[in-house]
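Architecture at a glance
Spelled out, the chains give:
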Amino acid sequence: MIRKDRRRALLLLSVIALLALVGGSGLRAASDESLRISQDSDGVLARYLNPTALKLSPDGRRLFVVCEASNLVLVVDTRTRQVVGRIGVGNRPEGIALSPDGTTLYVTNEWSNTVSKIDASSLQVVGTLKTGWGPAGVTTDRAGKFLYTANTLGDNISVINLSTGEEIKRLEAGHFPEYVALSRNGKWVYVSNLLAHTAPPEKPPVSQLTVIDTERQVVSNRISIPEAIQLRYIAQLPANEGGYLLVPFQQPHNLIPLVQIRQGWYLTNGLAVIRPSPSSGQQATVMELLLDDIDRYYADGFGSASTSDGRYALITASGANTVSIIDINRLNRLLSQLPPGNPLALAHRLDSARQIVIKRIHTGRNPTAVVVSPDNKFAYIANRTDDTVTVIDLQQLKVVSTIGLGGPKEITPVRRGEQLFFDARFCYQGQLACASCHPHEGFEDGLAWSLETPELGRDVVENRTLLDISETSPFKWNGLNPDLATQDGPRTAMYIFRSQGFSHDQVKDLVSYIQSLKLPPNPHVNKNGRLTEAQERGRAVFFRTTTNNGTIIPEHDRCYYCHAPQTHYTSRVRMDVGTSTRFDTVKEFDIPQLEGVFMRAPYLHNGEALTLEEIWTKFNPDDKHGITSDMNKVQLNDLIEFLKTL
Amino acid sequence: MKETRNFEEHAEKAIVGGTMSKLQRVLLGAAAVGLAAASLAAQTPPLYTKWINYTVANGFPEGEVYSVAVAGSRVWAGTSNGLVLIENGKVKRVFTPADGLAGRAVMSVAVDQQTGDVWAGTFGGLSRYSAGQFKNYTNLTSGLANDLVYSVAIQGKYVWAATAAGVSRLNTDTGDWTIFNEQNSPFDEPWAYSIAFSKDKAYMGLWGGGVLVYDLEHHYWRSYTDPDGSMEIVLYRNQGLIHMIVSSIAYNPDTKMFWAGTYFGLSGYDGRNWHNYLTKDSGLASDFINAVQSRGDEVWACTQKGLSELDYRTNTWVTYRPANWQALDSAKTEKTGPGEIIITRPDGKKDRVETPTSLPHNYILNMTFQGKDIWVATAGGLSHGIPKSDKEEPHHESASNRR
């Protein structure tokens, strides 16, 4: 009895000590490195892996696994289901392609702006190719002569001549192109874009599937996918099954007040079924259908694959730890019943899944990519926050193995927080996870949301980034949340998840993870760190203290007063900059940090400014958002060039 | 020419020596005429004798055509009422602001041969048309200097726009804008009408500001002005730009010359010498030039009184216009009437050739090349000029010294 009491007392003291450490100020982020590193049982530091992309060798015997957090590509023997090779690549690898002859692997390194070229036999990196900004998805053409990379931060696609290793052109994509697939006949390269077109906040989102003609190497079609964002992996059915493209998407009803979550249908997840046009210039047909059930949602569709016999399609739900198996015959039957020309005929119905989904199989945490073996016997699914690969027997439709990739056994608080970040089960009916609105590990989705406020339908606000925010409190556009724990704790439970939400410990872990998120390297900054002439001039404009005619600018009207450089370009207070509208209940807004601003369009609290220019050309008529009315066009342009370097 | 002279010398000896029979003299005379004709023909550039016009009669929008660009089998025309696509000889589509075009009046069109994107400089900003969608850049939403875009040109990954407030350059890889105007460059006048490129230089034609040349590698400027200053007479011929109001500029990579069309004559510069042309002493149809293009030995001046071509090597001019051009007005452009070709020889003599079809209007705004064919933008429609084939017999009037 006494021992038990002593144990309880010690436990209580530990908890109190821990609370004292974290209470009030929140967890402080350790270095970027340590937050993803733990020690294994031998005390050796190791990184988590975060598998995100998969590629099978043509004979199906080797599975290549891209591990974004550890800068590795692992090689798994599919017969033994063991890791048999490790290849070090560049910074934050994301995508993988295999040459048609199976001899060469190409792995994109998103934070290096390169592609690692790997000999598939020796598993040695034999070359590095330069790409545009933030390469993710990648494919070769049918002949293996050219490489196409989707450049997330550049909104374009690099076309690289593999004979010379040189980029020959860049083609404009949609917004944040991420995944790439070569058509079965080799005539087209398809590119899915994660984010919707930047548009006025009151407009429903429209995303784009970009189509490249591989013969002419030009963009031949931009297929609009209405009311959808977060287009992910692309699968193509065999021609005898329609040859459709299957692309998971998210359908946000962001302008409906968030309270709608209680009735469901707030954030739904579906599949765009696209019949590509037979030739350039002709219209493709699009059909959107939802994969959620009326009382259960499968958040954040991600991976997409089909069996080569056209029997099944597999769609992972990365927020629901599930893969949905779709019967293609049933899908075709459903599509044949629909009137043509209306892509949204099924987009608002939650009864499609029960007609076409024949099984939902539980995977590991945060399933991302899925691939099917060439003999259609097995499917392999990467589980990002488990560091595993799920193996599904496609004849029995069940999990037959989980392959451990060798990630650290110890789970740190940051790792737990990461797992929570992607997990939608904390939300009512599993409708959304944190990652649902903050895709690509903490980015913003570019949409304005009608979050809970004292008055429904008012204070519609633009989504905000989670990257490098640990020292930028307070949070929320109205600046009323003093720390992330408040942001992610009871508030999230009550107003966003409409459920119990996270436990106290889980909030701490989640906060740890969010504080670990970092901005990618800024491509607008020269490698030598020096600013260009225009950027230097812009810097001078940012720090100016007088107008063009010499009038002194009051201190509180100077750029650096509100956007203080020493605190991530935010003074961490609320200000009235004249941007509130009749739909806002407040006039003062939290000053956003400016680091990474170049990739955060649209701007202002409500997303009304679609470009940086518009902040001042359209929405600063009274010089309340800094004194800018005396600036000429060159000065404004220079200022923007400087802001893009932050 | 050498062959003719040898023949003449031989003939003279024979005639003077009295050794030639009458038949021989007749044959000799005929041969001389034939050789002279052949010599004249060799000096004459290929003539465009067939014109296919696109006007309101066949689906083209009403109004002026300001620019034309060719990309494979597609022809893009910028007009006062939208951007027109012609494909396989037919008007396929007319794009207006309702379709997403930035402005109704399209002053300039350029096709990026690498990406296939079509760039349209309009009076409402700059539009990029790609695979069925427009993306627009305006003064308020981007780094474009001004929404009045007179000319757009592609230089690798850069898109340049000549505007009423300077020249803007967009880096399509990074999305960065650069503005060149009087704030940071030697622009006497910010009103930029035209822009063209060589491998390492940008040539800018300014309304009232002459020509500015920007070295793309070393980032320095050179200014070319009219040595006559603001005087509206040409006092110093061939010693500088003919006039400061430069409406158009073209660079010819074959001859490495740039050509400037002005409102008061035509100027060419070979890097050392100027070559200036006025109506009064050349075959130039009018000193009021809207646009200039050049390739090989050809220099084309789009004037208010016809389309004039200079064969730079032989100094022969050829002007094309409707036969009734002096009485022409826009109401009469729906049908194509006969056309006339005025050939002005180096010695000033003129030949007139009549053609069954013609340009729809004499007010020529721009032109471009499609292989051997040409496309001409006029105030009354777009015209596709096809050169004379060997089988075709043109109607020919006798030579005269008519002006």
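So, how was this worked out
Residues numbered from 1 in each chain as written. Chains lettered and ligands numbered in written order. Predicted model: local features only at pLDDT ≥ 70, side-chain atom pairs only at ≥ 80, totals over all residues. Heavy atoms only, no water. Helix = DSSP H or I, 4+ residues; strand = E, 2+ residues; numbered from the N terminus. Buried < 20%, exposed > 50% of the residue type's maximum accessible area, 1.4 Å probe, protein only. Contact = heavy atoms within 4.5 Å. Areas by Shrake-Rupley, 256 points an atom, 1.4 Å probe, with all protein chains shown as cover. Rg over C-alpha atoms; globule rule 2.2 N^0.38 Å. pLDDT = per-residue confidence, 0-100. Buried area = accessible area lost by both parts, 1.4 Å probe. Salt bridge = Lys/Arg side-chain N within 4 Å of Asp/Glu carboxyl O. Polar contact = N/O pair within 3.5 Å; in protein donor to acceptor, adjacent residues only side chain to side chain. Phe/Tyr/Trp six-rings, centres within 6.5 Å; stacked < 30°, edge-to-face > 60°. Pairing = 2+ DSSP bridges. Axes fitted to C-alpha atoms, helices over the stretch in contact; angles between N-to-C directions. Parallel < 35°, antiparallel > 145°, perpendicular 65-115°, else oblique. Nonpolar A, V, L, I, M, F, W, Y, C, P; charged D, E, K, R; others polar.

Some details on the overall build of chain B
- A tally of regular secondary structure across chain B gives two helices and 31 strands.
- Out of the 403 residues belonging to chain B, those deemed buried represent 54%.
- Intrachain contacts of chain B at a sequence separation of at least 6 include 48% that bridge at least 24 residues.
- Accessible surface, chain B as shown: approximately 17700 Å² in total, 50% of it carbon and sulfur.

With respect to the overall build of chain A
- Looking only at helices and strands, chain A features 14 helices and 34 strands.
- Its C-alpha atoms give chain A a radius of gyration of 25 Å, near enough to 26 Å, the size a compact globule of 646 residues would have.
- Referenced to the eigenvectors of the C-alpha coordinate spread, the extents of chain A come out at roughly 80 × 75 × 50 Å.
- Counting all 646 residues of chain A, 61% fall into the buried class.

Regarding the confidence of the model for chain A
- When pLDDT is averaged across chain A, the result is 91; 92% of the residues are at 70 or more.
- Confidence over residues 13-44 of chain A falls short of pLDDT 50; this stretch has 41 contacts with residues more than four positions distant or in other chains.

Some words on the interface of chain B and chain A
- If you look at the interface, chain B gives 27 residues, while chain A gives 28 residues.
- Between chain B and chain A, a total of about 2100 Å² is buried, with carbon and sulfur atoms accounting for 43% of that surface.
- Our enumeration of links across chain B and chain A arrives at four salt bridges.
- Among the ionic pairs, K644 of chain A bridges to D176 of chain B, the shortest N-O distance being 2.8 Å.
- Counting across the interface, chain B meets chain A through 16 residue pairs in polar contact (both at pLDDT 80 or more).

Some words on the packing of aromatic side chains
Residue and element names in this part refer to chain B.
- Applying the stated criterion across every chain, the model contains 48 aromatic pairs over all chains.
- Pairing Y203 with Y251 gives two aromatic rings, centres 5.2 Å apart and planes at 15°, and the pair type is stacked. Pair noted here: Y203 is in strand β15 (residues 201-206) and Y251 is in strand β18 (residues 246-252), with a separation of 48 residues, a long-range link. Both residues of the pair, Y203 and Y251, count as buried.

Details of the pairing of strand β5 (residues 90-95) of chain B
Residues and elements named next belong to chain B.
- As judged from the five bridges shared by strand β4 (residues 82-87) and β5, these two strands associate in the antiparallel manner. Its bridge partner being in β5, E87 is matched across the sheet by K90.
- Between the end of β4 and the start of β5, which pair antiparallel, lie two residues, with N88 showing a positive phi angle near 50°.

Let's talk about the sheet that holds strand β21 (residues 267-275) of chain A
Residues and elements named next belong to chain A.
- Across the sheet, four strands lie side by side as β19-β20-β21-β22; this open sheet has antiparallel pairing. With one partner strand each, in any of the chains shown, β19 (235-236) and β22 (285-290) form the two edges of the open sheet.
- Both β21 and β22 contribute to a ladder of six bridges, which runs antiparallel. Along β22, the bridge assignment pairs I274 with V286.
- Along the sheet, helix α3 (residues 328-336) makes contact with β20 (245-252), β21 and β22, crossing β22 at roughly 115°.

As for unusual backbone geometry
Residue and element names in this part refer to chain A.
- In this structure, P474 follows S473 across a cis peptide bond, with omega equal to 5°.
- Following the sequence through the fold, P474 ends up in the loop between β32 (461-462) and α8 (484-488).
- Look at the link from A601 to P602: it is a cis peptide, with omega at 0°.
- Tracing the backbone shows P602 in the loop between β34 (589-590) and α13 (612-617).
- Positive phi, normally seen in glycine, also occurs at W265, with a value near 65°.
- Within the element layout of this structure, W265 appears in the loop between β20 and β21.
- Its identity is not glycine, yet N321 carries a phi of approximately 50°, on the positive side.
- When its relative accessible area of 10% is taken as the criterion, N321 is described as buried.

Points about the packing of helix α11 (residues 533-542) of chain A against helix α14 (residues 633-643) of chain A
Residue and element names in this part refer to chain A.
- As a packed pair, α11 and α14 sit with axes 7 Å apart at the nearest point and diverge in direction by 100°. Taken together, α11 and α14 sit at an angle that is classed as roughly perpendicular. Taking contact as the criterion, the partners of A534, Q535, R537, G538, R539, V541 and F542 in α11 are, on α14, Q635, D638, L639, E641, F642 and L643.
- In terms of residue class, the contact of α11 with α14 is made up of six nonpolar, three polar and four charged.

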